Amino acid sequence: MALDSKIPQGPIADKWTNYKNHIDLVNPANKRNIDVIVVGTGLAGGSAAATLAELGYNVKAFCFQDSPRRAHSIAAQGGINAAKNYQGDGDSTYRLFYDTVKGGDYRSREANVYRLAEVSANIIDQCVAQGVPFAREYGGLLDNRSFGGVLVSRTFYAAGQTGQQLLLGAYSAMNRQIGRGKIKMYNRHEMLDVVKVDGKARGIITRNLITGEIERHSAHAVVLGTGGYGNVFFLSTNAMGSNVTAAWKAHKRGAYFANPCYTQIHPTCIPVSGDHQSKLTLMSESLRNDGRIWVPKHMKDVEAIKAGTLKPKDLAEEDRDYYLERRYPAFGNLVPRDVASRAAKERCDAGYGVNATGEAVFLDFASAIERYGKEQATVRHLDVNDAALVKKLGQEVVKNKYGNLFQMYEKIVDQDPYNTPMMIYPAVHYTMGGVWVDYNLMTTVPGLYCIGEANFSDHGANRLGASALMQGLADGYFVLPYTIGDYLSNDIRTGPISTDSKEFEEAEKEVREKIEFFVTNKGQHSVDYFHKRLGKIMWNKVGMSRNVQGLTEAISEIKALRAQFWKEVSVPGSSDELNEELAKAGRVADFLELGELFAKDALHREESAGGHFREDAVELDGEQKGEAKRDDENFAYVAAWEYKGEPSDAILHKEQLEFNDIELKQRSYK
Amino acid sequence: MNLTLKIWRQKNANDKGKMVDYKISDISPDMSFLEMLDVLNEQLINSGDEPVAFDHDCREGICGMCSLYINGEAHGPDRGVTTCQLHMRMFNDGDTIFIEPFRAKAFPVIKDLVVDRSSFDRIQHAGGFISVNTSGNTIDANAIPVNKENADDAFSAATCIGCGACVASCKNSSAMLFVGAKVSQFALLPQGQVEATDRVLNMVKQMDEEGFGNCTNTGACEVECPKGISLENIARMNREYLAASLKG
């Protein structure tokens with residue numbers, strides 16, 4: 001099947017408006033006869049469920065957590081972008097569009113990104129009306145801050161808990177609709193398959209995670225807002241339950257999976273401390289506004305720091321290598337995430353890592369504390385040469401800006417970051433790949449939609465900070481409610497969809513068989529045993545930098561691991577009760593397939609783009625020597641994979657990306 | 001570290017449940033409490049036993065999913081943290097640790113340490129929102145200035161993660177801190193004023209119906225709250241409730 005992105009004709013600035021003017025609408029009386037299933041209740045799924053219910057559709061919403069309020073969007077820290085230009089610093093829809101396309105290394109779809117920038121301002125209005133308590137200035141107006149890779153202040157925030165506040169906003173909008181009976185909420189339910197009838201998505205099979213009951217749910221359309229698949233690496237900043245199951249089951253039912261290898265590695269996470277570690281903790285990127293990143297210049301100092309004989313704060317300034325400031329003088333510590341992550345890895349690979357495992361660099365606030373302290377002493381007419389006073393005043397300023405993050409660091413690492421530099425290392429954070437969707441956010445399965453992080457369209461090969469929240473809410477509040485209406489206008493005479501058809505029966509049977517297998521297979525290894533091994537292969541060979549040999553090995557190792565999993569996995573307990581191991585087994589089974597497709601996608605993409613760094617695609621000379629090398633001539637396309645059984649049999653379809661409004665240029669941060 | 005764990009095991013809501021002893025060794029002080037339980041569960045699975053069920057998800061202190069009553073305290077001995085952020089360095093080699101579910105009539109046990117906190121959701125359904133439609137055709141966000149102090153206080157109230165530690169710590173199993181926080185967030189913002197009367201009346205009514213107890217100003221909830229939600233929110237809710245009752 002050829003890929004049709006269905007991008008509307010006409011100038012980019014008019015596409016969305018023209019589109020909205022010409023689509024078919026559903027009469028309000030008819031909406032009452034139409035059911036929509038929304039899977040996942042984070043920013044994308046939650047806002048979509050609330051809005052579709054508001055419009056009058058009957059919504060059934062599903063989440064695996066005990067409440068929609070716990071979706072992992074809640075953990076986003078930094079903020080949400082919007083081209084409001086409240087600061088008058090030159091922001092505009094076009095500039096947000098431009099920054100997002102450039103930041104994504106020119107691997108996103110222009111029309112989708114423009115639409116995102118266009119609706120961004122509405123998101124802020126909507127959330128404020130819902131009672132989201134964004135940070136404000138003394139005049140009572142909204143405050144903004146700046147983020148990496150951008151030259152304007154367009155980020156709206158609520159301390160370091162913006163995701164929490166936005167999610168609670170969407171959750172409250174859902175609550176209003178649940179209270180009205182327009183959303184039927186299914187908590188602690190996991191979607192285990194999509195059901196297609198006559199080629200269209202007409203329902204899902206779920207498992208009630210408390211009773212184990214397998215249920216059939218029908219609808220006229222199905223929407224997936226199920227987040228990313230970063231947990232394929234086992235260690236990531238994702239919540240423990242984040243998984244790829246819904247998206248992968250959709251893929252197996254005909255939805256193409258796009259750019260699976262596009263992973264964002266976030267530069268400022270707390271390093272791994274040992275094999276017991278279950279997940280990684282992100283420290284907001286906003287820390288790089290004030291923190292300076294360094295490692296020692298000399299190996300003897302690295303060793304002394306590791307041995308504990310030298311305190312990092314006692315190392316002389318001239319013996320430190322502020323490698324980001326050295327390599328990228330124009331952007332310094334504020335280079336985009338992919339660049340900062342690669343540079344940290346480069347230093348650690350060269351042996352300059354500062355902790356026991358050799359995988360950490362310093363993020364140092366000493367100069368910021370001194371600078372702010374002197375400023376405060378000057379403002380208050382105090383002695384700027386009193387070092388202790390300056391430090392105290394400076395620490396107060398830093399505490400006001402980043403206090404909650406510093407406290408979190410101290411709790412985890414047991415070191416006081418006000419007095420000794422933090423240690424950080426890159427970690428898997430966000431996946432830019434996902435289910436392929438057209439301009440309508442519909443997958444290659446008619447009636448099956450995919451929104452938020454679960455789809456692929458808006459971030460390209462690298463995501464700029466504060467743009468994930470924007471996309472989730474844009475899709476859910478403002479885009480999907482229009483585009484799905486156009487599709488559903490053909491369903492006003494369909495009537496209720498029966499769950500007694502053979503398609504539902506077969507899908508349920510398959511789900512049951514797999515569950516039965518898990519609880520009866522008496523293997524010798526836990527689910528985590530396999531997940532951790534998969535994670536190691538992924539991180540070592542399909543992680544921050546990749547080469548042909550490693551990727552080829554990874555593919556065969558994952559295949560072998562998968563075969564072993566199906567023989568030797570052990571799942572205690574039964575299928576008719578709360579059984580976390582059983583739920584995990586199904587998720588890891590899907591990760592074991594996705595992981596292979598991920599490596600296959602990485603192998604075929606012979607260029608470096610965004611977080612995807614191919615060791616054989618690197619600038620050899622000139623000003624950009626040693627930097628990642630993109631290949632627009634051969635790879636300016638979306639890689640959309642069609643399922644054909646084993647991941648190795650997947651067929652590649654290409655959606656050529658067209659850039660009519662932005663010139664493709666080398667990303668330089670020198 | 002070597003530890004003795006005394007853990008509440010209960011097969012399902014109808015089972016009577018009992019404390020069971022487990023020995024565990026080689027625990028690193030750098031582990032979080034939940035990672036220590038992961039190690040225990042791996043042991044149990046490998047020896048053919050059923051792992052201990054406990055709730056958790058984000059493991060960075062924000063989703064509110066993790067619970068656990070540890071040595072008689074919600075989220076354990078450390079202050080201002082959830083269980084996922086509690087680290088084993090808070091304990092000593094040779095310690096015996098008691099691990100129980102959050103107990104309250106309105107939080108029935110589902111299995112082992114997992115309880116049903118959906119009563120919190122139902123309180124929110126009753127009025128924990130502002131009735132604005134989600135079309136995006138609202139007024140410009142800066143059209144209504146909000147006093148910074150009120151915005152900051154609303155934010156502080158809104159940082160509640162809905163974990164239920166307040167309920168578990170309260171001798172009356174009261175949900176007043178949780179409901180007070182939600183009522184306060186909207187009471188402090190101009191957007192929430194129009195339906196303030198109905199909101200507080202409906203939420204309090206639902207809270208009572210769910211079987212939560214009354215507040216007797218003991219203050220244990222504030223002490224055990226991982227997010228430092230202040231008792232002031234209860235006072236504000238009481239004022240809102242009184243005003244609403246007089247109006248009604």
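Before reading further, recall that the structure is shown in the block above.
Below is a summary of the structure that appears in this document. (Residues numbered from 1 in each chain as written. Chains lettered and ligands numbered in written order. Predicted model: local features only at pLDDT ≥ 70, side-chain atom pairs only at ≥ 80, totals over all residues. Heavy atoms only, no water.)

**Description of the nonpolar core**
Residue and element names in this part refer to chain A.
Then step 1. By size, the foremost hydrophobic cluster in this structure holds 198 residues, and its most contacted members are Ile 80 and Phe 134.
Then step 2. At 12 residues, the largest contribution of residues to this core is made by helix H13 (residues 468-488).
Then step 3. Other than its neighbours up to four places away in sequence, Ile 80 contacts Ile 123, Ile 124, Phe 134, Arg 154, Thr 155, Phe 156, Thr 162, Leu 166, Ala 466, Leu 469, Met 470 and Leu 473.
Then step 4. Formed by 44 residues, the second largest nonpolar core is a distinct cluster that contains Leu 287, Ala 343, Met 408 and Tyr 669. (Core = buried A, V, L, I, M, F, W, Y, C linked by side-chain atoms within 4.5 Å. Buried < 20%, exposed > 50% of the residue type's maximum accessible area, 1.4 Å probe, protein only. Helix = DSSP H or I, 4+ residues; strand = E, 2+ residues; numbered from the N terminus. Contact = heavy atoms within 4.5 Å.)

**Description of a negative patch on the surface**
Residue and element names in this part refer to chain B.
Then step 1. A cluster of acidic residues, Glu 149, Asp 153, Glu 222 and Glu 232, forms a negative patch on the protein surface.
Then step 2. When you line up the elements, Glu 232 lands in helix H8 (residues 232-247).
Then step 3. Here Glu 232 falls in the exposed class, since its relative accessible area comes to 54%. (Patch = residues over 30% accessible without salt bridge, like charges linked within 9 Å, V, L, I, M, F, W, Y side chains within 5 Å. Areas by Shrake-Rupley, 256 points an atom, 1.4 Å probe, with all protein chains shown as cover. Salt bridge = Lys/Arg side-chain N within 4 Å of Asp/Glu carboxyl O. Lys, Arg positive; Asp, Glu negative; His and termini not counted. Charge placed at Lys NZ, Arg CZ, Asp CG, Glu CD.)

**Re the sheet that holds strand E16 (residues 434-435) of chain A**
All names here are of chain A.
Then step 1. Strand order in the open sheet made by the four strands is E16-E10-E20-E21, with antiparallel pairing throughout. Edge positions in the open sheet fall to E16 and strand E21 (651-656), since each of these has one partner strand only.
Then step 2. Contacting strand E10 (257-258), strand E20 (637-642) and E21, helix H17 (residues 580-604) runs over the sheet at an angle of about 145° to E20. (Pairing = 2+ DSSP bridges. Axes fitted to C-alpha atoms, helices over the stretch in contact; angles between N-to-C directions.)

**What about the pairing of strand E7 (residues 200-208) of chain A?**
Residue and element names in this part refer to chain A.
Then step 1. Among the nine residues in E7, eight count as buried, and that is most of the element.
Then step 2. Relative to E7, strand E6 (residues 189-197) runs antiparallel, the two sharing eight bridges. For Lys 196, the partnering residue across the bridge sits in E7 and is Ala 201.
Then step 3. Joining the antiparallel neighbours E6 and E7 is a turn of two residues, in which Asp 198 adopts a positive phi near 50°.
Then step 4. Judged from the five bridges that link them, E7 and strand E8 (residues 214-218) form a sheet pairing that is antiparallel.

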